[in-house]
Amino acid sequence: MFHIRQFAAAVTALLLIAAALLFSVVNSRAQGQIGGCEDAAELAVLPSPLVPWKGAPLRVIFAAEKPLEGELSLIGPDGNVAAKSRERHGGPPYFWLAEVAAPAAGTWHAKLAAADCGTITREIAVRAAEPPRPQGSEGSLWPLRNTWNRETENLYSAWIEKLFDAPLDATLSWKALHEVLRDRSRNVLFNHLGLREDSMGMIVRPDCADLPYFLRAYFAFKMGLPFGYTKCTRGGGGEGPKCHGWWNIQNLEPPPAPEPPPEQQIASPAGVVEMFRPPVPQPAATPTSRLASLKRLGLAAGFGEYLRSAVADGVHSGTGRTALNDDNTDYYPVPLKEETLRPGTVYADPYGHILVLAKRVPQSEDAGGVFLAVDAQPDGTVARKRFWRGNFLFAQDPALGGPGFKRFRPIVRDKNGGLRRLTNAEIAKDAQYGDFSLDQARLSIEDFYDRMDDVMSPAPLDPLRAIKEAIAALEEQVKARVTSVENGRKFQTSGRGDAAMPDGPAIFETTGAWEDFATPARDLRLLIAIDVVRTFPDRVARRPERYAMPKGKTVADVKTELEGVLASELAARTFSYTRSDGSAWTLALKDVLERAADLEMAYNLNDCVELRWGAPDKSTEASTCKRHAPSAQRAKMTEYRAWFRERRRPPRA
């Protein structure tokens with residue numbers, strides 16, 4: 001009989017082999033003909049699963065810092081090419097991906113035939129039998145096998161890009177993040193640990209602030225990397241958010257002490273009313289006992305519970321808005337350059353929304369450059385959006401904190417094995433990173449967007465094409481609102497009654513049904529987006545050197561032409577929403593711009609959907625409206641309307 005100690009030893013040996021494999025493919029350099037070229041490319045290779053075997057698909061990513069030209073091939077033990085790909089993704093980092101659905105047991109060779117570097121080869125051992133499932137380790141929620149560095153960061157970026165990849169004109173939206181993670185065609189790390197961890201029905205439903213942490217934690221869990229999060233305030237009293245305690249997978253935050261339930265009367269089946277005293281309050285769990293309780297669930301289930309009960313409860317939008325020069329944070333600011341704005345980079349807007357960059361599409365002869373990002377909404381929806389002024393808000397106000405593009409602060413192990421975060425000064429000097437920058441703190445609003453235009457599209461843009469791309473971005477945002485408003489309509493039909501409306505600035509940031517289905521923050525961004533499109537011809541006239549002006553035409557001529565294109569495009573682009581009676585109603589983008597003033601009062605989920613789309617009173621469109629928010633809520637909306645009219649979100653008191 002296979003003794004338990006022998007089993008544990010086998011598991012340990014496999015993990016050591018896997019760790020050695022990852023160390024070799026991520027950190028080491030092939031010998032012989034490769035030399036300095038591969039070093040310059042800073043190549044990282046990731047085979048998946050962690051311990052490959054013939055019963056699981058073999059997926060391989062080659063990621064490089066430099067834009068090598070080449071073809072990736074997976075060559076089986078018999079010497080035949082089983083899969084190959086010339087498609088290079090990303091930039092930077094650049095990566096290739098290949099997969100074999102049913103690999104034969106034996107030694108495989110992953111080869112990147114690079115024009116400038118010869119052939120770069122990695123050996124991958126594929127087992128004949130399913131390996132024992134990995135186990136936890138002492139003193140940590142999951143085993144640590146790797147370190148954060150340039151190679152693992154590049155693999156993280158490649159994983160993010162593949163996870164949310166699709167043609168530029170595709171609309172990507174999921175009801176929850178777990179729908180993406182369970183898609184093995186997107187998730188290169190699907191069941192990477194061999195625990196069937198992505199097939200066990202785990203629910204992963206982050207809001208916007210949780211999303212970057214959930215993605216980072218998921219990758220760290222699969223790759224055996226450190227992870228932690230900081231507890232921060234939301235800011236207030238004229239100051240931005242500040243952070244205090246930092247918790248990580250070695251030192252877990254204890255859960256809050258349970259609130260004793262109030263004394264309550266409970267009717268027994270016999271009709272006798274009994275009084276139950278509340279239980280004696282128990283002391284809060286210590287970090288050690290919380291770690292032990294999560295580990296008892298098993299590696300995969302413990303990770304899922306950690307996301308739900310620790311990370312989701314520990315972070316919020318204020319965590320992303322800490323001052324740019326603060327060391328005691330989870331994020332640090334980076335320069336606005338294409339080399340630093342990589343997939344996985346986080347964007348924190350000053351009003352509380354968080355997005356994660358997912359892809360850069362370089363400028364071409366036919367189109368301007370684009371940054372694509374993903375975000376999550378309070379209702380759990382995860383969607384892809386393009387960078388533009390309507391989605392990525394920017395402002396400089398100390399009371400709001402430090403907005404802009406940021407990366408996760410590297411977590412390293414000290415000489416005693418404990419975890420700590422690098423300081424800003426250490427990041428600036430670290431050869432693996434070196435990208436800490438306070439440049440964004442010195443930019444005005446217009447300077448920020450001008451700089452981003454230059455990063456996305458270094459060459460002058462065709463003004464006609466540029467305005468159409470801006471209109472397309474607005475259309476994308478309006479169609480996303482259709483989903484949000486429809487979710488609110490479904491809440492209304494659920495019979496749960498009116499949702500409570502918070503007071504003051506809390507309408508933008510609260511919990512419960514209002515947070516899930518009301519749209520004040522989203523509508524504020526939409527109003528700003530409307531302004532951007534409406535004034536686009538003026539923007540071209542303000543900065544004509546940024547655009548490739550047609551020969552023989554003055555700036556005034558081009559502005560007039562753009563105004564004509566704007567009118568025709570807004571009238572031609574249409575969308576439909578579901579009215580209160582279930583019928584569809586079609587509007588044009590032109591209607592949305594004309595109703596901008598009405599949309600200043602259209603965010604309350606207790607109003608009918610017709611009112612939320614600004615339907616004129618007593619119109620045919622509004623005839624199906626049978627529901628209005630309580631008068632007290634409408635009075636508060638009237639009081640708060642100035643925030644929307646002035647396109648500003650008030651700071652917390």
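Quick look at the structure, then. (Residues numbered from 1 in each chain as written. Predicted model: local features only at pLDDT ≥ 70, side-chain atom pairs only at ≥ 80, totals over all residues. Heavy atoms only, no water.)

Another aspect to go through is the packing of aromatic side chains. Remark: the centre distance and the inter-plane angle together describe each pair of aromatic rings, the angle taken between the planes. For the structure shown, the criterion picks out 36 aromatic pairs. Pairing Phe227 with Tyr306 gives two aromatic rings, centres 6.2 Å apart and planes at 85 degrees, and the pair type is edge-to-face. Residue Phe227 is located in the loop between helix 5 (210–223) and strand 10 (228–232), and its partner Tyr306 is located in helix 7 (residues 299–314); the two are separated by 79 residues in the primary sequence. A single burial state applies to Phe227 and to Tyr306, both of which are buried. Where Phe405 meets Phe448, the ring centres are 6.4 Å apart and the plane angle is 25 degrees; that geometry is what we call stacked. Linking Phe405 in strand 19 (residues 404–408) with Phe448 in helix 9 (residues 445–456), this pair joins segments that are 43 residues apart in sequence. With respect to class, Phe405 is no different from Phe448; both count as buried. Of the aromatic side chains, those joined through ring pairs into one cluster are Trp142, Trp148, Tyr156, Trp159, Tyr218, Phe219, Phe221, Phe227, Phe303 and Tyr306. Across the ring face of Trp613, the terminal group of Arg481 is positioned such that the distance to the ring centre comes to 4.5 Å. (Phe/Tyr/Trp six-rings, centres within 6.5 Å; stacked < 30°, edge-to-face > 60°. Helix = DSSP H or I, 4+ residues; strand = E, 2+ residues; numbered from the N terminus. Buried < 20%, exposed > 50% of the residue type's maximum accessible area, 1.4 Å probe, protein only. Lys NZ or Arg CZ within 6 Å of the ring centre and 35° of its normal.)

Once that is clear, we can look at the state of the cysteines. All chains considered together, the criterion is met by 2 disulfides. Sulfur-sulfur distance for the disulfide between Cys232 and Cys243 comes to 2.0 Å. Since a negative S-S torsion denotes a left-handed disulfide, the Cys232-Cys243 link at about 85 degrees is right-handed. In this pair, Cys232 sits in strand 10 while Cys243 sits in strand 11 (residues 243–248), placing the two residues 11 residues apart along the sequence. Of the two residues, Cys232 and Cys243, both sit in the buried class. (Disulfide = S-S within 2.5 Å.)

Turning next to the nonpolar core. The biggest cluster of nonpolar side chains holds 93 residues, and the ones touching the most others in it are Trp142, Trp159, Phe164, Tyr306 and Phe405. For this core, the element with the most residues is helix 5, which contributes 10 residues. The contacts of Trp159, once residues within four sequence positions are left out, are Leu181, Asn187, Val188, Leu189, Leu215, Tyr218 and Phe219. If you look at the next biggest cluster of nonpolar residues, it comprises 58 residues, including Leu474, Ala521, Leu524 and Tyr547. (Core = buried A, V, L, I, M, F, W, Y, C linked by side-chain atoms within 4.5 Å. Contact = heavy atoms within 4.5 Å.)

Only one face of strand 22 (residues 574–578) is buried: it carries Phe575 and Tyr577, and the other face, with Thr574, Ser576 and Thr578, is open. Where strand 22 lies against strand 23 (residues 584–588), 5 bridges are found, and the strand directions are antiparallel. Residue pairing in the sheet places Thr574 in a bridge with Ala588 of strand 23. Remark: 5 residues form the turn of the hairpin made by strand 22 and strand 23, two consecutive strands paired antiparallel; Gly582 in that turn has positive phi of roughly 90 degrees. (Pairing = 2+ DSSP bridges.)

Once that is clear, we can look at unusual backbone geometry. Geometrically, the link from Gly91 to Pro92 is a cis peptide bond, its omega value of -25 degrees lying close to zero. Here Pro92 is to be found in the loop between strand 5 (89–90) and strand 6 (94–100). In this model, Pro92 is joined to Pro93 through a cis peptide bond whose omega is -10 degrees. Take Pro93: it is sitting in the loop between strand 5 and strand 6. A positive phi angle, near 50 degrees, is found at Asn191, a position not held by glycine. Mapped onto the fold, Asn191 is located in the loop between helix 4 (177–181) and helix 5. We note that Arg647 has phi near 55 degrees; this positive angle belongs to a residue other than glycine. Judged by relative accessible area, which is 18%, Arg647 ranks as buried.

In this section: the sheet that holds strand 5. Paired through backbone hydrogen bonds, the strands of a sheet run either parallel or antiparallel to each other. Within the open sheet, the 4 strands sit side by side as 1-2-6-5. Their pairing is antiparallel. The open sheet terminates on both sides in strands that have one partner only, identified here as strand 1 (44–48) and strand 5. In the sheet, strand 5 pairs with strand 6 via 2 bridges, with the strands oriented antiparallel. What sits directly across from Gly90, in strand 6, is Tyr94.

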